[in-house]
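Remarks on the overall topology
The lines below spell out each chain.
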Amino acid sequence: MSEEIKETVQSQNLRKQKTLIGANVIFMILIAIAIFVFVSYLNDRHYYRFDFTASGRYTLSAKTKKILKNLDQPVFITSLLVQNKDYRFYGQIIDILEEYRYVTDKVNVTLLNPLTDRTKITELAEKLKMDLEQLQLNSVIFTCGDKSKHVPQAVVIEREFPFKFKGEEVFTAAILNVTQEKQTTIYFARGHGERDPGDFERAGLGNLATSIKRANYNVIPLDLLEKKRVPENCDILFIAGPTKNFSIEETNYIRNYLGTSARLLDEKGELKEGKLLVMLEPVVGANKASGLKAMLGEYGILVRDDAVVYNKVNMPLYGMQTVVELYISDEKYLEHEITRDIEKLTSVFYGTSPVSVAPLTDKMAFSAKAIVRAPDSSWGETEIAGKKRPKYDEDVDVSSPITLAVAAELRAPEGTPHQDITIPPHATKTFEGIGERGSRIVVFGDTDFAANAFSDNPGNQDLVLNSISWLARREKELGISPKAPDVRRAVIKPAQLTLIFWLSIAGLPSIGIAIGGFVWWRRRR
C-alpha cells in the first residue's frame, strides 16, 4: 500500500512540476511577446534611418529638408500608382515618400490602389472637388488646404537611357506649389543679346529655367523698351548675359523699380522692394558693354568691361597652363546666406569679368558684399586683342584677389527700423543690420556658368537658385538641390564571368557539403 501511495505522490509531483514548467514557459512567452510589442511600439515612433549607399540615394537634400521642416500647415500626399511589372521605380517612389514623412509630421502619405480602393478614391475626388475621371492614374497627388497638384509618373521618370529617377526634385516642387500663397514671378530681360531661357543648346539657359519653374517660379520674357517700365508683378528682374547696351531710358526704368538713395519710396510712400539678378559677359569680340556699369555703381557694385579672368592650373603631362575655367569651392565661397550651404560643392566659371564692392560712404543707401572669389592664381586680363597667350602684366592687369559675384541690399542707420525710413539713410557714419524689407541685387561677372553646357557641375545651378531664393526672400529654400541620379554600370570580362559562374554554381554548394561532411565525420568518432 505504501508503494502505491509513493507512486501516487510521485505522479502528482510530476504533474505539478510539468504544470509549473508549462506555466513558466507560457509566462516567458508572454513576457517575450510583451517585450517585442513594446520595442516595436518604440521603434515605430522613435527610430533613425541610415543610408549606406555610396551616392546617398535614399537621403533627401539639405534644401528639401529645410523646406519640410519649415512647413506651417499639413501636406497630404496620395499615391495612385499601379504596381505592375511594367512600372519601374515604384519602390523608389514609395521609399522617397517615406523619407518625406520621416523628416516631418506635417507630411501625411496615403497609398491607394486604383484597381481595388475605388471607394477611397471616390472620397478623394469629392474632397478635391473633381470628377472621378479627372484623377490621373499612375500619379501622386499633393494637397494642402484648397490647393492640389498632380505629379504624373511620366514626370518622375526619364525613360531615355540611362533611366533617371527625379522623384525628390519634382515632389519638393509640388510641395512648394501647394504651400505657397502665390507664385513668384521672374521676368527675363531681352532685346540686348541676353541668353534665352527657352534655349536648350549649350549656350542657352533652358536647364536653369526648368529648375526655376520646378521651384514654383513663373518665368516671363520682358522687353523694357516695349513695356516702358518694369511690371508691378515683377518679383525678380533677371538680366542674363547682355551683349548689347541698355539705353539710359531702360536703366532709368530699372532704377525706378529698385529705388535709389534719392528715391527709396514709391508713389504710395512705401519702401521699394525691387529684386535684380544680373549676369554679365566680358567685353570680348562682338560683345559690347552692357551699359549697366554706372547704374550698378549706385548700389555699391563695381563692374569692369575691359577684363576677362584667367587661371593658372598645373595639368598632368602638360605642366602649368593658363585656362579660362575657374574652379570655386570651400573658402572661395565667401560668408553669405547664398553660399552658406554649398561650400562643399564645386562651381565652374568660364571666362568671367571681375566685379567688386564699392567703398562704403555715408550717402550710400545700399551696401554690397562679395560672395564668390576667384582662385589665388587668377588675374584679370585687360588687353585681350592681339595676345596669342595671356600673361599677367603687373602694371596693367587686375591682380588677385578677384571677386566674381556680389550681393547688395538696402541698409538702415543703426537702431532705425526699416518701417520708419522716410528719407535716404545717410545721416550716420556707419550702418549695421540687414532689414526684412527693401530691394536686393545680385551680380555675377559670368553667364556661361549658368548655361546648359555647365549645368552638370554640382554647384553652378545651386548658386543661381540660392541667389534667386535670397532675392525673393524665400530663405527656407536655400541649400543644396536634389542630387542628380547616380547611374553606374558594371563591366564584366569573360574570365570574371566564368569565375562568378563557378563560385555561385559550384563554390557555394561545396561549402555546405564540406561543412556537412565534417560534422558527419566528427559525430562518427
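Residues numbered from 1 in each chain as written. Predicted model: local features only at pLDDT ≥ 70, side-chain atom pairs only at ≥ 80, totals over all residues. Heavy atoms only, no water.

In the annotation of an unreviewed UniProt entry, the chain is listed under the name ABC-type uncharacterized transport system domain-containing protein and assigned to Candidatus Scalindua arabica.

Broken down by element type, the chain carries 12 helices and 21 strands. Relative to its full complement of 525 residues, the chain shows a buried share of 42%. Considering only intrachain contacts with a sequence separation of at least 6, the fraction spanning at least 24 residues in the chain is 72%. Surface accessibility of the chain: about 29,800 Å² in total, with carbon and sulfur atoms responsible for 55%. (Helix = DSSP H or I, 4+ residues; strand = E, 2+ residues; numbered from the N terminus. Buried < 20%, exposed > 50% of the residue type's maximum accessible area, 1.4 Å probe, protein only. Contact = heavy atoms within 4.5 Å. Areas by Shrake-Rupley, 256 points an atom, 1.4 Å probe, with all protein chains shown as cover.)

It is worth spelling out the pattern of salt bridges at this point. Applying the stated criterion across every chain yields a total of 14 salt bridges. In this structure, Glu-98 and Arg-101 form a salt bridge, with 2.2 Å as the shortest nitrogen-oxygen distance. Here Arg-101 and Glu-98 lie together in helix α3 (residues 90–103), a separation of three residues that amounts to about one turn. Residue Arg-101 is classed as partly exposed on the basis of its relative accessible area, which comes to 34%. The closest approach of N and O atoms between Asp-306 and Arg-304, which form a salt bridge, is 3.1 Å. Its relative accessible area of 31% is what places Arg-304 among the partly exposed residues. Counted as one network, the salt bridges with shared partners bring together Arg-195, Glu-281 and Asp-448. (Salt bridge = Lys/Arg side-chain N within 4 Å of Asp/Glu carboxyl O.)

Attention shifts here to the sheet that holds strand β1 (residues 75–79). In space, the four strands of this open sheet follow the order β2-β1-β3-β4, with mixed pairing throughout. Two strands in the sheet have a free side with no partner beyond their single neighbour: β2 (107–111) and β4 (147–152). The average undirected angle you get between the axes of adjacent strands in this sheet is 15°. Sheet analysis places β1 next to strand β3 (residues 139–144), joined by four bridges and oriented antiparallel. For Thr-78, the partnering residue across the bridge sits in β3 and is Ile-141. Set on the sheet, α3 makes contact with β1, β2 and β3; between it and β2 the angle comes to about 150°. (Pairing = 2+ DSSP bridges. Axes fitted to C-alpha atoms, helices over the stretch in contact; angles between N-to-C directions.)

This paragraph deals with the side chain of Asp-446. Residue position: Asp-446 is located in the loop between β21 (440–444) and α11 (460–471). Despite its burial, Asp-446 pairs with no opposite charge, the nearest such side chain being Arg-195 at 6.2 Å. Among the polar contacts listed, one links the side chain of Asp-446 to the backbone nitrogen of Asp-448, at a separation of 3.1 Å. If sequence neighbours within four positions are ignored, Asp-446 has contacts with Met-279, Leu-280, Glu-281, Phe-349, Tyr-350, Gly-351 and Thr-352. (Lys, Arg positive; Asp, Glu negative; His and termini not counted. Polar contact = N/O pair within 3.5 Å; in protein donor to acceptor, adjacent residues only side chain to side chain.)

So, about unusual backbone geometry. Residue Pro-401 follows Ser-400 across a cis peptide bond; omega there is 5°. Within the secondary structure, Pro-401 sits in the loop between β18 (378–381) and β19 (403–413). Positive phi is not limited to glycine here, since Lys-228 has a value of about 65°. The topology assignment puts Lys-228 in the loop between α8 (224–227) and β9 (236–240).

Structurally, Leu-111 is set in strand β2. For Leu-111, a relative accessible area of 42% corresponds to the partly exposed category. Separated by 30 residues in the primary sequence, Leu-111 and Leu-81 place their C-alpha atoms 8.0 Å from one another.

Core analysis: the biggest nonpolar cluster contains 41 residues, and Ile-212 and Phe-238 have the highest contact counts within it. Looking at this core, the element that brings in the most residues is α11, giving six residues. Ignoring any residue separated from it by four or fewer positions in sequence, one finds Phe-238 in contact with Ile-186, Tyr-187, Phe-188, Ala-189, Leu-208, Ile-212, Leu-277, Met-279, Val-464 and Ile-468. The next biggest cluster of nonpolar side chains, apart from the first, holds 33 residues, and it includes Tyr-187, Leu-296, Ile-441 and Val-443. (Core = buried A, V, L, I, M, F, W, Y, C linked by side-chain atoms within 4.5 Å.)

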